[in-house]
Amino acid sequence: RLRLLFERQAESLAQAIRERLDDYLDVLHAFESFYANVPEVSRQAFYTFAQRFFARYPGLQALSLALRVPDAQREDYEQAVRREGFADFQIMEQTAPGVLVRAARRPEYIAVTYIEPWAGNEAAFGLDIESVPDRLEAVQQARDTGQPTATGRLSLVQDPDRASGLLILLPLYGPALQHATLEERRQNL
C-alpha cells in the first residue's frame, strides 16, 4: 500500500514538472518566433517581450538572449554594449562560484547580451556561457541538434547560494541562414 501511494504521488509530481517544463518551452518557442520576425532585437524589444511571462510563470528566474561573438568582433561588440549605457561591460567567464573575470581570448563567445528581469540577474550579463563547464555541453548539444536542451542541476551565476537551478537553451539561427545539417547549424548559430 505504501509503495502504491508513493508511486501515485511520484507520478503526480512528475506530471506537474513535465507540464511546467512544457510551459517554459512554450516561452522559448514564442521568443524563437519573435526572433524570426525581428532578428535585430533591441534591448527595449527584449524587455517588452519578456515582461509578460514572469507573472504567468513565477518559477521562471530569467530570460536571456546570448549572442555568438567571434573573437575578431569582441572589441566592437563590447564597445556597442558600452554605448548603450553599460560603461564597464565586458565578456566575462566564471573562475569559481560567484567569481567572474574578463573572459580569456577564445575563437568565439556566447555572451549573455540581454537578460530580464534585470534586478537580481545582472551578474549573468556578459557571461560567456560556453566558458562554464556545466553549460558548455548543453550549448553544444542545442547547437548541434537545433533542439531545446536543458543543463543538469547547476548553481546559477546570478545566485550562487541558491540550492540549484537549470538552464533550458534553445538555439537561434538567422531567418535567412540554413541550419538543416550539422555543419550549417554549427556555422549559422
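Residues numbered from 1 in each chain as written. Predicted model: local features only at pLDDT ≥ 70, side-chain atom pairs only at ≥ 80, totals over all residues. Heavy atoms only, no water.

Bringing the pattern of salt bridges into the picture now. One pass over the full model with this rule turns up 14 salt bridges. For arginine 105, the salt bridge is made with aspartate 71, and the minimal N-O distance between the two is 3.1 Å. Of this pair, arginine 105 sits in the loop between strand 3 (99-102) and strand 4 (108-116) while aspartate 71 sits in the loop between strand 1 (63-70) and helix 3 (74-83), and the two are 34 residues apart along the sequence. Within the structure, one salt-bridge network assembled from shared partners comprises Asp71, Arg74, Glu75, Glu78, Arg82, Arg102 and Arg105. (Salt bridge = Lys/Arg side-chain N within 4 Å of Asp/Glu carboxyl O. Helix = DSSP H or I, 4+ residues; strand = E, 2+ residues; numbered from the N terminus.)

Below, the discussion takes up the side chain of threonine 149. Turning to its location among the elements, threonine 149 is positioned in strand 5 (residues 149-150). A distance of 3.4 Å separates a polar atom in the side chain of threonine 149 from the backbone nitrogen of alanine 142. In contact with threonine 149, other than residues within four places in its own chain, are Ala138, Gln141, Ala142, Leu167, Ile168 and Leu169. (Polar contact = N/O pair within 3.5 Å; in protein donor to acceptor, adjacent residues only side chain to side chain. Contact = heavy atoms within 4.5 Å.)

Take a nonpolar patch on the surface next. Judged by side-chain polarity, Leu13, Ile17, Leu21 and Leu166 come together as a nonpolar surface patch covering roughly 350 Å² of accessible area. Structurally, the position occupied by leucine 21 is in helix 1 (residues 2-37). (Patch = residues over 30% accessible without salt bridge, like charges linked within 9 Å, V, L, I, M, F, W, Y side chains within 5 Å. Areas by Shrake-Rupley, 256 points an atom, 1.4 Å probe, with all protein chains shown as cover.)

Another point: the environment of isoleucine 129. Here isoleucine 129 shows up in the loop between strand 4 and helix 4 (133-145). You can call isoleucine 129 buried: its relative accessible area is 10%. In sequence terms isoleucine 129 and valine 139 are 10 residues apart; their C-alpha atoms lie 7.8 Å from each other. Ignoring anything within four residues of it in the chain, the contact list for isoleucine 129 reads Ala66, Ile110, Val112, Arg135, Leu136, Val139 and Leu169. (Buried < 20%, exposed > 50% of the residue type's maximum accessible area, 1.4 Å probe, protein only.)

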